[in-house]
Amino acid sequence: RMITFSYKLNTMPSSNDSHQFYSNIIDNTGGDIVKSFYLNNTYSHNKGHTSENTFQVDYTNPLGKNHKIETGIKYILRSNTSDDKIYQATGTSAEYEYQNDRSSNYKHLSDIVAAYLSYTFKYKKFAVMPGLRYEFTHQKIKYLAGAIPSDANFSSNYGDLVPSVTTSLMLGDTKSIRLQYNMRIMRPGIENLNPYFNNTDPMNISQGNSNIDSEKSNSFSMTYSSFSPKFNLNLSLSHAFNNNGIEKVSRLIGDGGEWFDDNKHYASAGALYTTYQNIGRSRQTSLSGFFSWNPTTKFQIFANFGGNYVYLTSPAQGLKNYGWAGSIFTGIQYTMPWKLHIGADFGGSTPIYTLQSKVSGFNFSSFRISRSFLKEDRLNVSLYASNIFGKRYTTNNTLSSSNFMYRTSNSVPRYKFGISVSLRIGKLETYVKKTEKSISNDDVKGGGNKANGGNSTPSGNE
């Protein structure tokens, strides 16, 4: 029997300043309000912060040789804030005035309580583990400043039952096969919820939606694993679907323009307006895997790879997109005499599909050489070079609907050279045992918690 108490703090501040300047503005807008109010030099200051406090208790109780009960409870206190200030040039002067109607100060608080119960039955080389988790979420939205009225503040509560079941069979001492069903909940992140009307570029406007709900997806998978001293292989075939996916939706503003938020914000005719809605229906079949080969103790080859077919629809919007995608990451490592280590990594991805867009793929390469010095190899010096075969990295994004096509292209320098030095001080004499249970939160849509990594189940029954 074992009880584990865990706590985790995660904090992610962000800050961004930007200037936008206009020159040679031609008076061809026919008196459109966009020219009168928005085509002026602007300065914006955006400050955001996400913090997360997680408390977790897990209890494991073996019942004889073949049975085990696991249960636990988890509490997440999550706070997201976004303060967006817009300043606009006054006439031809270099002074800027604060624009309250174009600014926003927004706070989103979430309290999440999750409890789970799972049972494991093992007999010889077979095991099955059904589980059930209940999650209760209380969220509160508060607007501290800007053009949104204080009576727009609101709070909501909702609960979800999340089932799962896993079966596994050992095919030998080093081989196994596993079948799994899992439901996954993805909560909207602050970028999905924030109602800030971002019209810094008045012809390319974006705005979050405070009324969207969490999305639920169901997945079925089959995994084969084989491990040996020289060769390791893991293959997984899965199918996932959801019917209320959070999707980015873009449309063109029609003739005459359009007012938003009780006539507080205006979008000109022909502007591209983007927001988020629970309208996505997705079906995705994937094959992924990992292998590593050690022909000698000094040489290793490894690779992560995956491919999938995705089908996305939104009957409410009359939208549909589908296609194949794949990616691979591979590398080699070799230990030479004189404690020299060399390595190289290569990888790439095909284009990625969303409901309305297609984003171009990428490729990369990296080379490194390192050497250890001092007693017990305490000092390590490494030289590296990345993407030396291409000076720039270009991405192309195509966004389309029934009545428009919007294309963007970004190009940035990609090659990089560097040196890293690490020094290990002191010596750990005592072995510290790692707990079997750990905290893992990645239930936020849009990568709001990417720093956390780990499993997608917020209950901790891993």
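Calculation criteria
- Residues numbered from 1 in each chain as written.
- Predicted model: local features only at pLDDT ≥ 70, side-chain atom pairs only at ≥ 80, totals over all residues.
- Heavy atoms only, no water.
- Core = buried A, V, L, I, M, F, W, Y, C linked by side-chain atoms within 4.5 Å.
- Buried < 20%, exposed > 50% of the residue type's maximum accessible area, 1.4 Å probe, protein only.
- Helix = DSSP H or I, 4+ residues; strand = E, 2+ residues; numbered from the N terminus.
- Pairing = 2+ DSSP bridges.
- Contact = heavy atoms within 4.5 Å.
- Phe/Tyr/Trp six-rings, centres within 6.5 Å; stacked < 30°, edge-to-face > 60°.

Caption draft 1: Structural detail: the nonpolar core. In terms of nonpolar packing, the biggest core is built from eight residues, these being Y106, I141, Y143, I190, L193, I212, I246 and Y276. For this core, the secondary structure elements donating two or more residues are β6 (126-146) and α2 (190-193). With seven residues, the next largest nonpolar core counts F197, I253, A267 and A271 among its residues.

Caption draft 2: Geometry of the sheet that holds strand β22 (residues 392-400). On the basis of which strands lie adjacent, the open sheet formed by four strands has the order β18-β19-β22-β23 and antiparallel pairing. The sheet is open, and its two borders are formed by β18 (352-353) and β23 (405-413), each paired with just one other strand. Of the strand pairs in this sheet, β22 and β23 are connected by nine bridges, and their pairing is antiparallel. Considered in β23, the bridge of T395 is made with N410.

Caption draft 3: Spatial organisation of unusual backbone geometry. For L374, which is not glycine, the phi dihedral falls at a positive 65 degrees. Along the chain, L374 turns up in the loop between β20 (362-373) and β21 (379-386). The backbone of D377 shows a phi angle near 55 degrees, a positive value even though the residue is not glycine.

Caption draft 4: Representation of the environment of I76 in the model. Among the secondary structure elements, I76 is positioned in strand β3 (residues 67-89). Taking relative accessible area as the criterion, I76 reaches 1% and is therefore assigned buried. Along the primary structure I76 and F55 are separated by 21 residues, whereas in three dimensions their C-alpha atoms are 6.6 Å apart. The contacts of I76, once residues within four sequence positions are left out, are E52, N53, T54, S110, D111, I112 and N441.

Caption draft 5: Focus on the packing of aromatic side chains. Across all of its chains, the model carries 18 aromatic pairs by this definition. On the basis of an interplanar angle of 80 degrees and a centroid distance of 6.1 Å, the ring pair of F367 and F389 is categorised as edge-to-face. Remark: F389 occurs in the loop between β21 and β22 and F367 occurs in strand β20; sequence separation between them is 22 residues. For F367, a relative accessible area of 27% translates into the label partly exposed. Here F389 falls in the exposed class, since its relative accessible area comes to 67%. Among the aromatic residues, those joined into a cluster by ring pairs are Y7, F55 and Y75.

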